[in-house]
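Structural characterization, general
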Amino acid sequence: METLYHQTNKQIQEVQYHMGRLETTDRQSVHLLENEIQASIDQTFGHLDRLEILTSKEPPSRRQNAKLRVDQLKYDVQHLQTALRTFQHRRYTRENQEREREELMCRTFTTNDADTSIPIDDTLQFNSSLHNAHRGMDDLIGSSSSIMNGLRDQRGTLKGTHKKMLDVANMLGLSNTVMRLIEKRASQDKFLMIGGMLLTCIIMVLVVKYLG
């Protein structure tokens, strides 16, 4: 399990590195990089499924800690999947806006030719649609920022919970050890008491027999 865990963790770090390259990658190569990242994420999810099976086979004393480690990896890869989809949505919106802008710039505007002229109403409608698209993109960026902040807060909460659960697990382990020592000492005291009582009875019998 340890080998697969470290392999999965390393793969997640590589995905994080490639995610940082998305913003600086040229338009011709960004599609290939996105596909590469998605393939790595899919493979990581497969590793996580395997790790969950291996975790269920761990000894009870190690199972809880192993599950927490796997859950942390799962949270990280889900965070990366959300970030990739957000980037792709922003890119699609930006490319559509640029394409619509180019189409608008390539149109020929005339005043009297009915065959080639563009009605003013259609132009106003197009400009309104373009404005709405810009506003929608701003809303999307705002929503994406909120989602990213929420994910960061959730990650901090999960790490805090992880630490608390480990502390509780350590405390439980210590309590079990103390209880076992107490039970062992109680058993020893019981045998000492019985032995002392028998020795006292023997001494009393001897005293009565020889001094009576």
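Keep in mind that this is a model prediction, so the values were computed, not measured.

1. Thoughts on the overall build of the chain
Summing up its helical and strand segments, the chain has four helices and zero strands in all. Along the chain, helices and strands appear, N-terminal first, in the series α-α-α-α. Looking at the chain as a whole, 24% of its 212 residues qualify as buried. A separation threshold of at least 6 residues defines the contact pool for the chain, and within that pool the share at least 24 residues apart is 76%. Total accessible area on the chain stands at roughly 15,300 Å², and carbon and sulfur atoms take up 58% of it.

2. A few points about the nonpolar core
Buried together is how nonpolar side chains tend to be arranged in soluble globular proteins. Within the largest apolar cluster, 20 residues are counted, with the highest numbers of intra-cluster contacts made by M19, L22, I37, I41 and L51. Secondary-structure elements contributing two or more residues to this core are α1 (2-21), α2 (27-56) and α3 (60-106). Beyond its immediate chain neighbours, meaning those up to four positions away, L51 contacts M1, L4, Y5, T8, V70 and L73.

3. Considering the confidence of the model for the chain
Taken over all residues, the pLDDT of the chain has a mean of 75, while the share at 70 or more is 58%. Within the chain, helix α4 (residues 120-211) has the poorest average pLDDT of any element, 64, and α2 the best, 90. Scored below 50 in pLDDT, residues 113-118 makes seven contacts in the model with residues more than four places away or belonging to other chains.

4. Here we look at the pattern of salt bridges
By the definition in use, this model includes eight salt bridges. Among the salt bridges present, the one from E2 reaches R69, with a minimum N-O distance of 3.0 Å. Taken together, the residues span a long stretch of sequence, with E2 in helix α1 and R69 in helix α3 at a distance of 67 residues. Where R62 meets E58, a salt bridge forms, and the shortest distance between an N and an O atom there is 3.3 Å. R62 sits in the partly exposed class, given a relative accessible area of 46%. Several salt bridges converge on common partners, so that one network encompasses E34, R91 and E95.

5. Topic: the environment of Q72
Take Q72: it is sitting in helix α3. With 63 residues separating them in the primary sequence, Q72 and N9 have C-alpha atoms 9.9 Å apart.

6. A word on the packing of α2 against α3
Direction vectors running N to C along α2 and α3 enclose 160°, while the axes themselves pass 10 Å from each other. Taken together, the axes of α2 and α3 are roughly antiparallel relative to one another. As α2 packs across α3, the resulting crossing turns out to be left-handed. Considered class by class, the residues forming the contact of α2 with α3 number 13 nonpolar, eight polar and nine charged.

7. A closer look at the packing of α1 against α3
Closest axis-to-axis distance for the α1/α3 pair is 11 Å, and the angle between their directions is 25°. Between α1 and α3, the angle is such that the two are roughly parallel. Handedness of the crossing formed by α1 with α3: left-handed. Where α1 abuts α3, its residues E2, Y5, T8, N9, I12, V15, Q16 and M19 lie against R69, L73, D76, V77, L80, A83 and L84.

8. Details of a nonpolar patch on the surface
On the surface, M193, I194, M197 and L198 cluster together into a nonpolar patch covering about 400 Å² of accessible area. In this fold, L198 is placed in helix α4.

Each value, and the rule that gives it
- Along each chain, numbering runs from 1 in the same order as the chain's sequence is written.
- Thresholds applied to this predicted model are a pLDDT of at least 70 for local features of residues and 80 or more for the giving and counting of side-chain atom pairs; totals over whole chains, interfaces and linings are not thresholded and use all residues.
- By convention in this description, side-chain values take in all heavy atoms of the structure and omit both hydrogens and water.
- Strands here mean DSSP runs of E at least two residues long; helices mean DSSP runs of H or I at least four residues long; both are numbered from the N terminus.
- Burial classes: relative accessible area under 20% of the type maximum marks a residue as buried, over 50% as exposed, and values in between as partly exposed (1.4 Å probe, protein chains only).
- In what follows, a contact means two residues having at least one pair of non-hydrogen atoms within 4.5 Å.
- Only the protein chains shown count as cover for residues, and the accessible areas themselves come from Shrake-Rupley with a 1.4 Å probe.
- Nonpolar cores were defined as sets of buried Ala, Val, Leu, Ile, Met, Phe, Trp, Tyr and Cys residues, with membership established by side-chain atoms within 4.5 Å.
- Per residue, pLDDT measures the predictor's confidence, with a range of 0 to 100.
- Salt bridge, as used here: a side-chain nitrogen of Lys or Arg that lies within 4 Å of a carboxyl oxygen of Asp or Glu.
- Angular values range over 0 to 180 degrees, each being the angle between N-to-C directions of two axes fitted as lines to C-alpha atoms, with helices fitted over their stretch in contact.
- With respect to orientation, any angle under 35 degrees is reported as roughly parallel, any angle over 145 as roughly antiparallel, any angle of 65 to 115 as roughly perpendicular, and every other angle as oblique.
- Less than a right angle of anticlockwise turn of the near helix away from the far helix marks a crossing as left-handed, whereas a clockwise turn marks it as right-handed.
- Ten residue types, Ala, Val, Leu, Ile, Met, Phe, Trp, Tyr, Cys and Pro, are classed as nonpolar, four, Asp, Glu, Lys and Arg, as charged, and the remainder, Gly among them, as polar.
- Put simply, a patch holds well-exposed residues, over 30% relative accessible area, that have no salt bridge, with like charges counted together within 9 Å and Val, Leu, Ile, Met, Phe, Trp or Tyr side chains within 5 Å.

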